[in-house]
Amino acid sequence: MGVKDLLHRFGQRIRELRSQRGWSQEEFADVCGVHRTYMGHVERGEKNVSFGSIVRVTNALSINLSELFAGLETGEPTTGAKRKRGISGQSGLDRNRVLREVAVLERAIRTLRELALPEDTGLSPKAEARLSRRRGRKSH
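What counts and what doesn't
- Starting afresh in each chain, residues are numbered from 1 along the sequence in its written order.
- Where totals are concerned, whole chains, interfaces and linings use all residues; where local detail is concerned, this predicted model gives features only for residues with pLDDT of at least 70, and gives and counts side-chain atom pairs only at 80 or more.
- In computing side-chain values, all of the structure's heavy atoms are included and hydrogens and water are not.
- Secondary structure counts use DSSP, requiring at least four H or I residues in a row for a helix and at least two E residues in a row for a strand, with both numbered from the N terminus.
- Working rule for contacts: check all heavy atoms of both residues, and any pair within 4.5 Å makes them a contact.
- Here the open area of atoms and residues is found with the Shrake-Rupley method and a 1.4 Å probe, where only the protein chains shown may cover a residue.
- Side-chain atoms alone can form a polar contact between residues adjacent in sequence; in general such a contact is a pair of N or O atoms within 3.5 Å, and within protein one must be able to donate a hydrogen while the other accepts it.
- Between the first and last residue of a helix there are one fewer steps than residues, each counted as 1.5 Å, and that sum is the expected span.
- Here the term buried applies to any residue with accessible area under 20% of the maximum for its type, exposed to any over 50%, and partly exposed to those in between, with areas from a 1.4 Å probe on protein chains only.
- Note: the arc covers the axis-to-C-beta directions of the helix.
- When the centres of two rings from Phe, Tyr and Trp lie within 6.5 Å, Trp using its six-membered ring, the rings pair. Their planes under 30 degrees apart give stacked, over 60 give edge-to-face, and anything left gives tilted.
- Surface patches are defined over residues having more than 30% relative accessible area and no salt bridge, joining like charges when they lie within 9 Å and nonpolar side chains (Val, Leu, Ile, Met, Phe, Trp, Tyr) when within 5 Å.
- Here, a salt bridge means any Lys or Arg side-chain nitrogen found within 4 Å of an Asp or Glu carboxyl oxygen.

Caption draft 1: Summary view of the overall build of the protein. When helices and strands are tallied, the protein shows eight helices and zero strands. When contacts within the protein are restricted to residue pairs at least 6 apart in sequence, long-range pairs at least 24 apart make up 65% of them. When the accessible surface of the protein is split by element, carbon and sulfur atoms take 53% of a total near 8700 Å².

Caption draft 2: Representation of the side chain of Glu 43. Tracing the sequence through the fold places Glu 43 in helix α3 (residues 36–43). Separated by 2.8 Å, the side chains of Glu 43 and Gln 25 make a polar contact. Filtering out sequence-adjacent residues up to four positions away, Glu 43 remains in contact with Gly 11, Gln 12, Ile 14, Arg 15, Arg 18 and Gln 25.

Caption draft 3: Summary view of helix α1 (residues 3–20). Spanning 18 residues, α1 covers 26 Å between terminal C-alpha atoms, matching the ideal 26 Å at 1.5 Å per step. Among the residues of α1, Leu 7, Phe 10, Gly 11, Arg 13, Ile 14, Leu 17, Arg 18 and Gln 20 are the ones counted as buried. Downstream of α1 by a residue or two, Gly 22 has a phi angle that is positive, lying close to 80 degrees.

Caption draft 4: Spatial organisation of α3. Listed in full, the buried residues belonging to α3 are Met 39, Gly 40, Val 42 and Glu 43. In a view along the axis of α3, the buried residues occupy a sector of 160 degrees, so they form one face of it. The secondary structure elements touched by the buried residues of α3 are α1, α2 (25–32) and α4 (51–61).

Caption draft 5: Summary view of the packing of aromatic side chains. Applying the stated criterion to the full structure yields two aromatic pairs. Centre to centre, the rings of Phe 10 and Phe 69 are 5.4 Å apart; their planes meet at 15 degrees, and the pair counts as stacked. Here Phe 69 lies in helix α5 (residues 65–69) and Phe 10 lies in helix α1, a separation of 59 residues in the sequence. Under the relative-accessibility criterion, Phe 10 is labelled buried at 6%.

Caption draft 6: Local environment of a nonpolar patch on the surface. A contiguous nonpolar surface patch, about 290 Å² in accessible area, is contributed by Phe 51, Leu 65 and Phe 69. Structurally, Leu 65 is set in helix α5. Given a relative accessible area of 31%, Leu 65 falls into the partly exposed group.

Okay, structure coming up:
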């Protein structure tokens, strides 16, 4: 498998994980501290991503590096995609509602991590300022 194929799969993986969390590409790019057009290039597999950008993506998604890369070479779906199939097959569960609730919980976990270890977030100053504004609104 060539580099271009892996970059394309990598971009698809990022798009899938972002979408599962209910983020627009622009919101996700902002949290990662990159421009939205750059994120579009990454998701389409058009950019060779730096290690720093990969770390920003994993921090924003609240996952570790191994989760991001798991199954990429073989084309296996992410853990979230596997879960999605399981949810849709079970009766009585609204898949969209479950995914929205998971996204809310993941954002809350990320915020708690940032509050506990703000120096280890890896977020850009713009993303940090956005998060600070959100915290300010929530406390009133």
